[in-house]
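# Structure at a glance
Take a look at the letters that make up each chain.
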There are 4 protein chains.
Amino acid sequence: MSKIRVTVWNEYIHERKDPEVAKIYPKGIHTVIAEFLRREGFEVRTATLDEEEHGLTEEVLNNTDVLIWWGHLAHDKVSDIVVDRVYRRVLEGMGLIVLHSAHYSKIFKRLMGTTCSLKWREAGEKERIWVVAPWHPIAQGLGDYFELEHEEMYGEPFDIPPPDELVFISWFKGGEVFRSGCCFYRGMGKIFYFRPGHETYPTYYDENVQRVIINAVRWAAPVKRPRPKFGRVEPLEEIS
Amino acid sequence: MSKIRVTVWNEYIHERKDPEVAKIYPKGIHTVIAEFLRREGFEVRTATLDEEEHGLTEEVLNNTDVLIWWGHLAHDKVSDIVVDRVYRRVLEGMGLIVLHSAHYSKIFKRLMGTTCSLKWREAGEKERIWVVAPWHPIAQGLGDYFELEHEEMYGEPFDIPPPDELVFISWFKGGEVFRSGCCFYRGMGKIFYFRPGHETYPTYYDENVQRVIINAVRWAAPVKRPRPKFGRVEPLEEIS
Amino acid sequence: MSKIRVTVWNEYIHERKDPEVAKIYPKGIHTVIAEFLRREGFEVRTATLDEEEHGLTEEVLNNTDVLIWWGHLAHDKVSDIVVDRVYRRVLEGMGLIVLHSAHYSKIFKRLMGTTCSLKWREAGEKERIWVVAPWHPIAQGLGDYFELEHEEMYGEPFDIPPPDELVFISWFKGGEVFRSGCCFYRGMGKIFYFRPGHETYPTYYDENVQRVIINAVRWAAPVKRPRPKFGRVEPLEEIS
Amino acid sequence: MSKIRVTVWNEYIHERKDPEVAKIYPKGIHTVIAEFLRREGFEVRTATLDEEEHGLTEEVLNNTDVLIWWGHLAHDKVSDIVVDRVYRRVLEGMGLIVLHSAHYSKIFKRLMGTTCSLKWREAGEKERIWVVAPWHPIAQGLGDYFELEHEEMYGEPFDIPPPDELVFISWFKGGEVFRSGCCFYRGMGKIFYFRPGHETYPTYYDENVQRVIINAVRWAAPVKRPRPKFGRVEPLEEIS
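A few points on the structure. (Residues numbered from 1 in each chain as written. Chains lettered and ligands numbered in written order. Predicted model: local features only at pLDDT ≥ 70, side-chain atom pairs only at ≥ 80, totals over all residues.)

## Some remarks on the interface of chain C and chain D
Across the contact, 37 residues belong to chain C and 37 residues belong to chain D. For the side of chain C that touches chain D, the elements supplying multiple residues, two or more each, are α6 (106-112), β5 (119-131), β8 (177-186) and β10 (231-232) of chain C. Classifying every residue of the side of chain C that touches chain D gives 17 nonpolar, nine polar and eleven charged. (Contact = placed C-beta atoms within 7 Å. Helix = DSSP H or I, 4+ residues; strand = E, 2+ residues; numbered from the N terminus. Nonpolar A, V, L, I, M, F, W, Y, C, P; charged D, E, K, R; others polar.)

## Brief notes about the interface of chain D and chain B
Think of interface size as the accessible area that goes away when the parts come together; that is how it is often given. On the side of chain B, 15 residues touch chain D, which itself brings 15 residues to the contact. Among the secondary structure elements, those contributing two or more residues to the side of chain D that touches chain B are β5 (119-131), β7 (165-172) and β8 (177-186) of chain D. When its residues are assigned to classes, the side of chain D that touches chain B shows nine nonpolar, one polar and five charged.

## Concerning the relation of the copies chain D and chain B
With an axial shift of 0.0 Å and an RMSD of 0.0 Å, the rotation relating chain D to chain B amounts to 180 degrees. Expressed as an axis order, the relation between the two copies is that of a two-fold axis. Residue D:Trp171, judged by its C-alpha, is the member of chain D lying nearest the rotation axis, at 3.3 Å. Of all interface residues in chain D, 100% are interface residues in chain B too; the two copies therefore contact each other through one and the same surface. (Least-squares fit on C-alpha atoms with pLDDT ≥ 70 in both.)

## Here's the deal with the environment of A:Val86
Residues and elements named next belong to chain A. Within the secondary structure layout, Val86 lies in helix α5 (residues 80-92). Separated by 74 residues in the primary sequence, Val86 and Ile160 place their C-alpha atoms 19 Å from one another. Not counting the four nearest positions on each side in its chain, Val86 is found in contact with Leu56, Leu61, Leu67 and Ile107.

## A few points about helix α7 (residues 207-220) of chain B
One full turn of an α-helix is made of 3.6 residues, so residues set three or four places apart face in the same direction. Taking 1.5 Å as the rise per residue, α7(B) with 14 residues should run 20 Å; its terminal C-alpha atoms sit 20 Å apart, in good agreement. Lining the buried residues of α7(B) we find β1 (5-10), α3 (29-39), β3 (66-70), β4 (95-99) and β9 (189-194) of chain B. (Expected span 1.5 Å × (residues − 1).)

## Some points on the relation of the copies chain C and chain D
Overlaying chain C on chain D yields an RMSD of 0.0 Å, the required transformation being a rotation through 180 degrees with an accompanying axial translation of 0.0 Å. Taken as a fraction of all interface residues of chain C, those also at the interface in chain D reach 100%, which identifies the copy contact as same-surface.

## Focus on the environment of C:Glu52
Mapped onto the elements of the fold, C:Glu52 is located in the loop between β2 (43-48) and α4 (58-62). Separated by 171 residues in sequence, C:Glu52 and C:Val223 have C-alpha atoms that sit 29 Å apart.

## Regarding the environment of C:Gly28
Residue and element names in this part refer to chain C. Topologically, Gly28 is positioned in the loop between α2 (19-24) and α3 (29-39). By C-beta crowding, Gly28 is classed as buried, having 23 other C-beta atoms within 10 Å. C-alpha of Gly28 to C-alpha of Glu199: the two residues are 171 residues apart in sequence and 9.5 Å apart in space. For Gly28, the contacting residues outside a window of four places in its chain are Asn10, Tyr12 and Glu15. (Buried ≥ 20, exposed ≤ 12 C-beta atoms within 10 Å, placed from the backbone.)

## Looking at the nonpolar core
With 316 residues, the main nonpolar core has A:Ile97, B:Ile97, C:Ile97, C:Val217 and D:Ile97 as its most contacted residues. Residue contacts for A:Ile97: discarding those within four places in its chain leaves A:Val66, A:Ile68, A:Trp69, A:Phe192, A:Phe194, A:Ile213, A:Ala216, A:Val217 and A:Ala220. (Core = buried A, V, L, I, M, F, W, Y, C linked by C-beta atoms within 7 Å.)

## Things to note about unusual backbone geometry
When glycine is set aside, most residues are seen to have a negative phi, and most peptide bonds are trans. Going from C:Glu156 to C:Pro157, the amide bond is cis rather than trans, its omega being 0 degrees. Its location among the elements puts C:Pro157 in the loop between β6 (145-155) and β7 (165-172). For A:Cys116, which is not glycine, the phi torsion reads 60 degrees and is therefore positive. When you line up the elements, A:Cys116 lands in the loop between α6 (106-112) and β5 (119-131).

## Structural notes on the pairing of β1(B)
Residues and elements named next belong to chain B. By the criterion of burial, β1 is predominantly enclosed, with five of the six residues buried. For β1 and strand β2 (residues 43-48), the ladder comprises six bridges, and the chain directions are parallel. Across the sheet, Val8 pairs through a bridge with Thr46, a residue of β2. With five bridges connecting them, β1 and β3 associate as parallel partners. (Pairing = 2+ DSSP bridges.)

## Here we look at helix α5 (residues 80-92) of chain B
Residue and element names in this part refer to chain B. In a regular helix each residue adds 1.5 Å, so 13 residues correspond to 18 Å; α5 covers 18 Å between its end C-alpha atoms and thus fits that length. Here α5 has its buried residues at Val82, Arg85, Val86, Tyr87, Arg89, Val90 and Leu91. Those residues of α5 that are buried are in contact with α4 (58-62), β3, β4, α6 (106-112), β8 (177-186) and β9. Where α5 terminates, the next one or two residues include Gly93, which has phi positive at roughly 130 degrees.

Structure representation (structure tokens):
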């Protein structure tokens, strides 16, 4: 079996302008994610907003099995042409893992068909992530829950379609809950939304968080089959 | 309880330019649908493409509980402003019933986040619609199946998200199947896609088809509750 | 439209042997539930474990649209004959609302096909119940959440099939979450599991809890249609 | 990665008493299934009704990752002790693939919580199996549909819970449809029901049918994680 090819996309702004974030992710969130994915044996490249075509050319996407997306400040700076391209590739089977504040990215909102709004609070409170789908490949290797000492809070209601599979529910110290791990199927593609990952906390160094993202890459990898045929067709049986 | 207020929208083109269609629906598909809904006791108005703002002003939509949509030739003629308006109202709770070729309408594609493509064939073949959710309010009053002697064929794959509830599956004489009655939840709104209704057949005079649309109106009517609060919130519990 | 006929079943043991519980529910939990349902206009009767056939004769069940079930200490005392009877009626379309500790009742476990196990703790801690299905009829009239000052804790994982619809998620002060409002479809019947209602707290006097149960009764009422035909059938079309 | 360990269970009666069936499956359906699974690299054993404990001892099941089940004439002959054992193993994570007439097996009915009834007809008619989940691992390698020239008919309604994932829908020449590939999650286990496989047709020699069963084995293999903790727990956070 050939290696799963992952592209980690990051808008890469916070890390370059905010010293607090730079201390945690000196080479960017994408670099940290790429590193633990490489250690797992995936074939990984990165791409960022400032690169030409945001680093997501036709060629890159055609050679990507799973795309990981982190964005926050610059959703509107992402060109519609690139969004269209990613969208088409997801429907063709490319996996998409949407992290944290990328709930508001153009591509996620487009695939969901909803506003993807939520409640939020930046108070560095404790988050405890509970597994509610014990059978799920994305929960492999996890216990009943894991904790993040400090995270931004996201709270319900989360304006998404009912997830096709709900894997995690978060508990927050301040009193909220959140559907933190959500699977969606669109076209031939698999989409996983994973909540944690605020830029001011070392969340992507957490081994449970890494475990989840690694599992999600395997889960989201494309199924190999011919693309469906749409449009006008002849009858397969006699009609009259 | 006050009456459910229904608006039946039709692009109303086939009926005015194609004599074959005009014979079946001389006053338009919308008029036939409006009539059987009125007999059921709903408060019904109609709206068509050629009216100002396609008849779907802010005021009309704000006073619509359930919107029914039929379109085919002129999806692209529907203004984006009106589509935005309908979209917002669905997320606020307005029910939406999408009929037949409106699978390709802007509003349905936007709410689904997929292409909504399918196979099709216009051969007037027999369709048999099977109930696969015997508990569903939209199946009230129906037997295990009902038949339409002549219909256009729509076949799988149908490029939609997995329906939140699958009510009907169609069998076609020519060899295809189709998920013909699909429920989706988006925001506070309920959406029902119902397959039958090609303009050259008297489908909307069929009493089973009428029964389904009547049931769907009741099912799709808005739930009364305050709109969710999104955005920044204070903690409900002590954090430190 | 005729009135929905509700039967409220309670094992009715705690209230008679535990003074603390008797103070809160002197005539039993079933009586309190029956009262607020009657005020809403439903036709309500009650039934308890000690009655002949537990008060759930063929005749009673055949005239019940929605059955509400509370049990805790005596699940094993419920006769298998009565469980079979309830089971058949649910598949025929009778609604079933399963409250709190009845997650371990014979009828719920049988309909779920799983152990229905969970984590628990009796510490009188705060529960906050969040709506995650803003479109759902069972959430009608509720805000984004409601609170119960003192409740028993139930925590994930909850060993049930993935709910067909997830309406509520609970937050508990002690650090857990729980899928507190779960809809299931089985045969022609609708089932709603609702978590709160420990016997030592006045939960069933809470107006939000009452609102939920009232909404659930309406949602669970049977759909009127002929029972499906199973077994050997002749072809509907020529086969050769 | 170690090999997936598959146990193929067959009641193995038809093949020994009916010459017509014996001609197609001289060594039993289980032997044919075991052979194509071995060619795929799985570690495969078989077990049949007449063996001690039906060949499904604690030891065998504890060393089975995925159990395949074919039965028809002798569902009632399967001992409840063995059914309990299989049931517990499924909830612990063992995959279960239920074939054709095993829809009426004790184990499937118990895990579903419904009657699993359906319509049927033995007329050797054509079945066409359509993929409706193009993203699904069980559809890997398949086109939009595949055909079986002669099969028993199973028709809707199929009295199962709404499948957690619906992969295939069958079209039958005689006019029916059927949800032919259904995924269910129960406890830590994954269950796949696959319709085709009547004993008088060479269905398990069909390469598409084999492809589906091979894919299903991979999909159903257990996720590795500690078993959930149920029962009384201490608070994780201060309660007072």
